[in-house]
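# Analysis of the macromolecular model
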Amino acid sequence: MTTPHPNHDRGLEFDLSTLLSRRRTLGVLFGAGTAAALAACTPGTGGSGGTSEAPSSTGSVSASATGSTTAAASPSATSTVTRAFAECGVEIPGETLGPYPGDGSNGPNALEASGVVRRDIRSSFGTSATKAEGVPLTVTLTLLDNANGCSPLAGAAVYVWHCDHNGKYSLYDSGLENENYLRGVQEADAKGQLTFSTIYPGAYSGRWPHIHFEVFKSLSNTTAAGQVLAVSQIALTEKACKEVYATDGYETSARNFPQTSLTSDNVFGDDGGIYQLATISGSVGGGYTAALNVTV
């Protein structure tokens, strides 16, 4: 059995000291969003062989009933991952950075490296070109500005990072200290959308499969003095995880996955990940797409 990482994702309170040490000179404390009611979500129709998944515990609310506006897909987002704009007031919950952020708050800082701004995060950049193996996954986030009627948060930036198919993190785990794959930054377009090409993360002991992310006010603020708008995580769906972990290369994940549920996870367990559960469609053969609205 794979043992949990040391100081493994021990929660938001545990993170505050390292996060604040990074931001103290900025005089900024990020606010953890609190959710009141789940926004209406409208997953697109799946393509051939794929089905869309959404949080099953919520009811559907039509745009005409709420007055919300449905977002059109950006050129980088397919119809299978386009979702309706969230209602104002449902902010993304603030979550732990975890012990392996690679943002300078806990050791190495990938954000200062040339090449970190990229859509495809499967390969390392800089001194290595090692490519992470795994089932393809395309992740599209739509950033919404809660203070301005949930208008698109154009020009904001997102830094994402996650483990590889074996549940290991670049920059930190043994043998991966000189790798920086599965980490990258993108700038939101005029519709508040940005997309990453990556692999489906593995499952490691103690955690539900997830992707970490930080939202910054602008691209320049990822490395310079600026405001962190949100720190959170994307939860992946049970159905997609079971399909992926049944494939070659994910044997370790297949053993670890049954150990933790969404409700027992120490990050998503307080609400079952209802505000962070991505809409996922696709297949092992054709790859998967995941989408999430991020209201900040």
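The following refers to the structure shown. Note that the structure is predicted; figures quoted are calculated from it, not measured. (Residues numbered from 1 in each chain as written. Predicted model: local features only at pLDDT ≥ 70, side-chain atom pairs only at ≥ 80, totals over all residues. Heavy atoms only, no water.)

## Comments concerning the sheet that holds strand β6 (residues 210-216)
The 4 strands lie next to each other as β4-β3-β6-β7, forming an open sheet whose pairing is antiparallel. Where the open sheet ends on each side, the last strands, each with one partner, are β4 (183-187) and β7 (228-235). Sheet twist, expressed as the average angle between the axes of neighbouring strands with direction ignored, equals 20°. Where strand β3 (residues 157-161) meets β4, 5 bridges bridge the pair, whose relative direction is antiparallel. If you follow Y159 over to β4, its bridge partner there is V185. (Pairing = 2+ DSSP bridges. Helix = DSSP H or I, 4+ residues; strand = E, 2+ residues; numbered from the N terminus. Axes fitted to C-alpha atoms, helices over the stretch in contact; angles between N-to-C directions.)

## Points about the packing of aromatic side chains
Within this structure, the stated rule accounts for 9 aromatic pairs. Judged by centre distance (5.2 Å) and plane angle (25°), the rings of Y100 and Y169 are stacked. You can see Y100 sitting in the loop between α2 (63-66) and β1 (136-145) and its partner Y169 sitting in the loop between β3 and β4, a full 69 residues away along the chain. According to the relative accessible area criterion, Y169 is buried, its value standing at 1%. Measuring from ring centre to ring centre gives 5.0 Å for Y100 and Y172, while their planes differ by 65°; the resulting arrangement is edge-to-face. One end of the pair, Y100, is in the loop between α2 and β1; the other, Y172, is in the loop between β3 and β4, and 72 residues separate them in sequence. Each member of the pair, Y100 together with Y172, is buried. (Phe/Tyr/Trp six-rings, centres within 6.5 Å; stacked < 30°, edge-to-face > 60°. Buried < 20%, exposed > 50% of the residue type's maximum accessible area, 1.4 Å probe, protein only.)

## Observations concerning the side chain of E95
Following the sequence through the fold, E95 ends up in the loop between α2 and β1. Separated by 3.0 Å, the side chains of E95 and Q276 make a polar contact. (Polar contact = N/O pair within 3.5 Å; in protein donor to acceptor, adjacent residues only side chain to side chain.)

## Points about unusual backbone geometry
Note: most peptide bonds trans; most residues except glycine with negative phi. The backbone phi angle of C150 is positive, close to 60°, even though this residue is not glycine. With respect to the element layout, C150 can be found in the loop between β1 and β2 (151-152). At L171, a residue that is not glycine, the phi angle is positive and equals roughly 75°. By secondary structure assignment, the location of L171 is in the loop between β3 and β4.

## Describing the pattern of salt bridges
Summed over the entire model, instances satisfying the criterion amount to 4 salt bridges. A salt bridge links R207 to D265; the shortest N-O distance between them is 2.7 Å. Within this pair, whereas R207 is found in the loop between β5 (193-199) and β6, its partner D265 is found in the loop between α4 (251-256) and β8 (279-283), the two being separated by 58 residues in sequence. For R207, a relative accessible area of 2% gives the class buried. By relative accessible area, which is 3% here, D265 ends up buried. We note a salt bridge from E243 to K239, for which the minimum N-O separation is 2.7 Å. Of this pair, E243 and K239 both sit in helix α3 (residues 238-245), 4 residues apart, roughly one helical turn. When its relative accessible area of 37% is taken as the criterion, K239 is described as partly exposed. (Salt bridge = Lys/Arg side-chain N within 4 Å of Asp/Glu carboxyl O.)

## Re the side chain of D164
Secondary-structure assignment places D164 in the loop between β3 and β4. Buried charged residue D164 carries no salt bridge. Nearest counter-charge: K168, at 7.5 Å. A distance of 2.9 Å separates the side chain of D164 from the backbone nitrogen of N166, its partner in a polar contact. Look past the residues within four positions of D164 in its chain and what remains in contact with it is L176, Y181, L182, I199, P201 and G202. (Lys, Arg positive; Asp, Glu negative; His and termini not counted. Contact = heavy atoms within 4.5 Å.)

## Considering the nonpolar core
With 41 residues, the main nonpolar core has L143, V158, Y200, I234 and V294 as its most contacted residues. Leaving out residues up to four positions away in the same chain, V158 has contacts with L141, L143, G184, V185, Q186, L194, F196, F213, E214 and V215. Within the second largest apolar cluster, 18 residues are counted, among which are Y159, W161, L171 and Y204. (Core = buried A, V, L, I, M, F, W, Y, C linked by side-chain atoms within 4.5 Å.)

## As for the pairing of β1
Counting buried positions over the 10 residues of β1 gives 8, a clear majority of the element. Pairing between β1 and β5: 7 bridges, direction antiparallel. Looking at the pairing, V139 lines up with F196 of β5. Judged from the 8 bridges that link them, β1 and strand β9 (residues 287-295) form a sheet pairing that is parallel. Paired with L144 across the bridge in β9 is T295. Inspection of the sheet shows β1 paired to β2 by 2 bridges, in the antiparallel sense. The residue bridging D145 from the neighbouring strand is S151, located in β2.

## Points about the environment of L277
With respect to the secondary-structure elements, L277 resides in the loop between α4 and β8. Sequence separation of L277 and I234 is 43 residues, and the distance between their C-alpha atoms is 6.2 Å.

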